[in-house]
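Per-entry structural report
Each chain, written out:
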Amino acid sequence: MNIFSTLNVLREMTPDDFGFDYAQRVPIVSIVFMILGMILAIAVPVFAFIWLKRRYKLEPTVALYSLVAYMLGGYLLPNVLGIGLQWIDLQTGIFSANEIVYYLLISLLSAGLMILSIWLGMKMLCTRGPVTFGSSLLFGVCLLIVPLCTQTITTLGNYFAVSQTVNNGGLYDVINTMITESGSTEEEVAGLLDAIQFLVDGETIYYLMVALDVLLLMPIHISACVIYGGIAGKQLPKTYGKFVFIIEGLYAAAMFVRYIGVINSVYLSELLYLTVAVISVMTTYRIAKQTMPDQLAKLFGKPDPVLTGKAEENPHKMPKIVMPKD
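1. Section: the overall build of the chain
- A tally of regular secondary structure across the chain gives 15 helices and zero strands.
- On C-alpha atoms alone, the chain measures out to a radius of gyration of 26 Å, which is more than a quarter above the 20 Å that the 2.2 N^0.38 rule sets for 326 residues.
- When burial is assessed residue by residue, the chain has 37% of its 326 residues classed as buried.
- Within the chain, counting contacts between residues at least 6 apart in sequence, those at least 24 apart form 80% of the total.
- Total accessible area on the chain is roughly 18,800 Å²; 65% of this is exposed by carbon and sulfur atoms.
- Between the mean site of the 20 positive side-chain charges and the mean site of the 23 negative ones, the chain shows a separation of 28 Å.

Below, the structure is given as structure tokens:
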């Protein structure tokens, strides 16, 4: 009886009964930042791939192994563990009673599974041949392609689509359809309108931060990939593996600080990731400069003419001699 009562009340309502101002519009600046965020999410990995492709001989399987490694350690296992932690909490209430412990565990598990992903990926690469500096960089770039596509671009694309509906004056009809045809509950309609209100009132820079939230993880995890790749490729001793744990440990610490709400500003949150990214890159740069200076110089040097197709076919070919006619 309660279910039918709820539905009947909703059907008797109109969009105006929710007290929402349907004349509100999402600021143009917010829409611009949504588009800019999507462009960055696409352009950064594409530019990185082109840059590497012009300087190193890359194997397509590197990208495949990277995606497989992320799906295992960055998506599948975290979801399974998340379900397990929720089940434990339902049985014991341990995490509900102490959220800090839960967030600490999630942060450590996320970083630990990322280390596992990179390690497994490098093991797979070793079965195909020696792991090079270039393949390690490509592995790191491709490691975050999945979250960029499934989280960043999808989220910003949804924001953009909803904003277009709101600014074109179509929100009233959408709410009316939800009430009269789709059988939505009052809570669902109210939740949607709250989300729309966030689009209208939210900080415009937030939409750019949605992209930066994943893009700033690229230099962190790429640094770990380069170090692990150097170990797998016999260019670095195994003792350098400690730097991978330091880098990912800093990432876990930054994640934990953000989870517990110590930093409420979106700017400071991204600054925290940026700081970890800078430390990671500088640490890896110093290691590469000492142990792989030729590969590092190749990274920042001019494109390889052989790989770009601009090399001369035979630079030592003898000039053609034309004999004079009698």
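2. Concerning the state of the cysteines
- Taken as a whole, this structure holds zero disulfides when the rule is applied.
- Left unpaired, Cys126 is separated from the closest cysteine sulfur, that of Cys225, by 13 Å.

3. A word on the packing of aromatic side chains
- Summed over the entire model, instances satisfying the criterion amount to 13 aromatic pairs.
- A centroid spacing of 6.1 Å and a plane angle of 55 degrees characterise the contact between Tyr56 and Phe133, whose relative ring orientation is tilted. In this pair, Tyr56 is assigned in the loop between α2 (28–53) and α3 (60–92) and Phe133 in helix α6 (residues 133–142), connecting sequence segments 77 residues apart. One exposure class covers both Tyr56 and Phe133, and it is buried.
- For the pair Phe198 and Tyr206, a centre-to-centre distance of 5.3 Å together with 85 degrees between the ring planes defines the contact as edge-to-face.
- An aromatic cluster is present here, built from Phe95, Tyr102, Tyr103 and Tyr259 joined pairwise through their rings.

4. Topic: the nonpolar core
- Residues Phe133 and Phe139 are the most contacted members of the largest nonpolar core, which totals 82 residues.
- Per-element accounting of this core gives the leading share, ten residues, to helix α11 (residues 217–232).

5. Let's talk about unusual backbone geometry
- Residues other than glycine seldom take positive phi values, yet Lys234 does so here, at roughly 65 degrees.
- The residue Lys234 is located in the loop between α11 and α12 (241–259) in this model.
- Taking the relative accessible area as the measure of exposure, Lys234 reaches 75% and is therefore exposed.

6. Focus: the pattern of salt bridges
- For the coordinates displayed, the defined rule picks out two salt bridges.
- Between Asp213 and Arg258 there is a salt bridge, and its shortest N-O distance comes to 2.8 Å. Placement of Asp213 in helix α10 (residues 206–215) and of Arg258 in helix α12 is noted, with a sequence separation of 45 residues between them.
- Through salt bridges that share partners, Asp213, Arg258 and Glu270 make up one connected network.

7. Points about the environment of Ser135
- Of note, Ser135 is situated in helix α6.
- On the accessibility criterion, Ser135 (9% relative accessible area) is buried.
- Taking the C-alpha atoms as reference points, Ser135 and Met122, separated by 13 residues in sequence, lie 9.7 Å from one another.
- Not counting residues up to four positions away in its chain, the partners in contact with Ser135 are Leu58 and Val62.
- At 2.9 Å, the side chain of Ser135 forms a polar contact with the backbone oxygen of Thr132.

Thresholds applied
Residues numbered from 1 in each chain as written. Predicted model: local features only at pLDDT ≥ 70, side-chain atom pairs only at ≥ 80, totals over all residues. Heavy atoms only, no water. Helix = DSSP H or I, 4+ residues; strand = E, 2+ residues; numbered from the N terminus. Rg over C-alpha atoms; globule rule 2.2 N^0.38 Å. Buried < 20%, exposed > 50% of the residue type's maximum accessible area, 1.4 Å probe, protein only. Contact = heavy atoms within 4.5 Å. Areas by Shrake-Rupley, 256 points an atom, 1.4 Å probe, with all protein chains shown as cover. Lys, Arg positive; Asp, Glu negative; His and termini not counted. Charge placed at Lys NZ, Arg CZ, Asp CG, Glu CD. Disulfide = S-S within 2.5 Å. Phe/Tyr/Trp six-rings, centres within 6.5 Å; stacked < 30°, edge-to-face > 60°. Core = buried A, V, L, I, M, F, W, Y, C linked by side-chain atoms within 4.5 Å. Salt bridge = Lys/Arg side-chain N within 4 Å of Asp/Glu carboxyl O. Polar contact = N/O pair within 3.5 Å; in protein donor to acceptor, adjacent residues only side chain to side chain.

Note that all results are geometric; they support no functional claim without further evidence.
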